[in-house]
Every structure is written in C-alpha cells, then in structure tokens.
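Here are the chains, one letter per residue:
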Amino acid sequence: QEILWEYFRPDGTAYAVTPADGMHGRTEVYDREGRVVMTGHGLGDLWRWWTRLMVPSDGDVYLVSDSRFIAEELGLLNDDRIMLMHQMHNPHLKGERRWNSPLEPSYASSLEKIHRFNAINTLTERQRNDLRLRFGDLTQLFVVANPVELVAAPEPRPKRVPFRIVMIARLHPQKQIDHALHAFALVVKELPGARLDIYGDGGLEPNLRTLVAELCV
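Here is a short report on the structure shown in this document. Keep in mind the model is a prediction, meaning the values are calculated, not measured.

With that settled, consider the packing of helix α5 (residues 177-190) against helix α6 (residues 205-215). At their nearest, the axes of α5 and α6 sit 10 Å apart, and the two run at 15° to each other. Comparing their axes, α6 and α5 come out roughly parallel. Viewed along their axes, α5 and α6 form a crossing whose handedness is right-handed. When α5 is examined against α6, the residues Ile 177, Asp 178, Leu 181, His 182 and Ala 185 are found in contact with a partner set consisting of Leu 208, Leu 211, Val 212 and Leu 215. Across the contact of α5 with α6, the residue classes break down as 7 nonpolar, 1 polar and 1 charged.

Picture the strands of a sheet paired through backbone hydrogen bonds; they go either parallel or antiparallel. Strand order in the open sheet formed by 4 strands is β1-β2-β3-β4, with antiparallel pairing between adjacent strands. Of all strands in the sheet, those bounded by a partner on one side alone are β1 (4-8) and β4 (36-41). The sheet shows a mean angle of 15° between the axes of neighbouring strands, taken without regard to direction. With 2 bridges connecting them, strand β2 (residues 14-19) and strand β3 (residues 26-30) associate as antiparallel partners.

This next bit is on the pairing of strand β6 (residues 82-87). For strand β5 (residues 61-65) and β6, the ladder comprises 5 bridges, and the chain directions are parallel. Across the sheet, the residue bridging to Val 64 is Met 85, located in β6. Between β5 and its parallel partner β6, the chain crosses via helix α2 (residues 68-74), and the hand of that crossover is right-handed. Taken together, the 3 bridges between β6 and strand β7 (residues 119-122) define a ladder with parallel strand orientation. Its bridge partner lying in β7, Gln 87 is registered against Asn 121.

By secondary structure assignment, the location of Lys 159 is in the loop between β8 (141-143) and β9 (164-168). A relative accessible area of 82% means that Lys 159 is categorised as exposed.

Glancing now at α5. Along its 14 residues, α5 runs 20 Å from first to last C-alpha, staying within 8% of the 20 Å computed at 1.5 Å per residue. Ile 177, Leu 181, Phe 184 and Ala 185 are the residues of α5 that are buried. Taken end-on, α5 shows its buried residues confined to a sector of 115°, consistent with a single buried face. For α5, the exposed residues set more than 90 degrees away from the buried face come down to Leu 186, Lys 189 and Glu 190.

What counts and what doesn't
Residues numbered from 1 in each chain as written. Predicted model: local features only at pLDDT ≥ 70, side-chain atom pairs only at ≥ 80, totals over all residues. Heavy atoms only, no water. Axes fitted to C-alpha atoms, helices over the stretch in contact; angles between N-to-C directions. Helix = DSSP H or I, 4+ residues; strand = E, 2+ residues; numbered from the N terminus. Parallel < 35°, antiparallel > 145°, perpendicular 65-115°, else oblique. Left-handed = near helix turned anticlockwise from the far one by under 90°. Contact = heavy atoms within 4.5 Å. Nonpolar A, V, L, I, M, F, W, Y, C, P; charged D, E, K, R; others polar. Pairing = 2+ DSSP bridges. Right-handed = clockwise from strand over helix to strand, strands pointing away. Buried < 20%, exposed > 50% of the residue type's maximum accessible area, 1.4 Å probe, protein only. Expected span 1.5 Å × (residues − 1). Arc of directions from axis to C-beta.

Functional significance is not addressed by these values, which are geometric in nature.
Right under this line is the structure:
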C-alpha cells in the first residue's frame, strides 16, 4: 500500500501528490484543470522538474543549497550550465569525529556522491581538511564561515569574573554538552571556585541537570 501526501491550492484544486514517509514513491503535479503536468518517482524528480522551470533557458546558473538531501538530487540535473554549490552547516562525522570516523547517516549518501557538486562550502578549515583526508584534495572544497556582525564593546568594560565560563547552545545531542560537563568536572577538582553557566533550552535539559547533580557529588 502506497501512502501519499496530497497538496491543495487555496481554491481547493489539487496541486500535487508526493511520497509521505520517504524520498521514494509516486510524485505528480497537476494544473488547475486536474491534468498531470509532471509525473516522476520520488521527491528528487519533483525538485529537478521545479528547478528546470525556474532557471532561464540559457546562460550560467548558480544553485546554492544548504540541504544535504536536496543538493544530492540536484546533482542529477546533468546541465553543464548549472553550478551546484552546497553549504554545510553541521559536522559530517560521528563518534570521536576524527577524519576517518563514521559518517553521519544523513550526510553519508550525499558525500559519497561528492563529485556531483561544483563547490562544497564548510564552516571551518578543520572540516574541509577532514573531507580532503577522506575524499582527496578536491578543488571544489571551500571554507565559508557564518558571518558575525561585530557590536561595539561597552565602555567602561565590565570586569571579568575569574574562573567563570559561559556556554551558549541548544540542549541537543549534537552540541555534546555532556562532554563539556565532564571536562568541567575535572576543572572544578583543580579550581573549586570555577563556574560554568550554560544558556539554552531543548529536550536534553532534564538529562543534563541529572548529570550535573551526579558530577557535583
């Protein structure tokens, strides 16, 4: 049994059907008279069809994607005019996150097809180096860090609080806050007055509070 999502326009006419729980399955788009204007297999066919509608008929086209799922599918457009650039926002490694650590499952498929991309932008030099060690010294690897607007420093400058560290992060496994807590427990053994303030929210808050209590015993 095939489970599909149905999409409707504000006037109630059907617009599209797509796979409900994955990338693969029947995909169709309809005009206002209900005629099929696109049919394909999977979301990739839909994304490529829509992209071809949007780009001009001639001249160079530069596509920038920050979705590892969509970028991989756009790599199958097979159009020499289109330059496909992918911006990475997250670590692509699991575990100890060494260059040869297992790939994050959500990145594995796209990175195994890394030659489909004209450019892959990482946030840090280390991530680019990890990719080079794994896939070779590819010419399409670049570093584009997140921009930060500098704000004026307050005057007079506030006094720093000795032995105080501030951490700002969402409380999510990706941020590995438990690692920070274990590390800071070692700091407190040497500097009992040290303090770590964590600002953020998320589903791990109860677990992290429990860990703090255990480490403070």
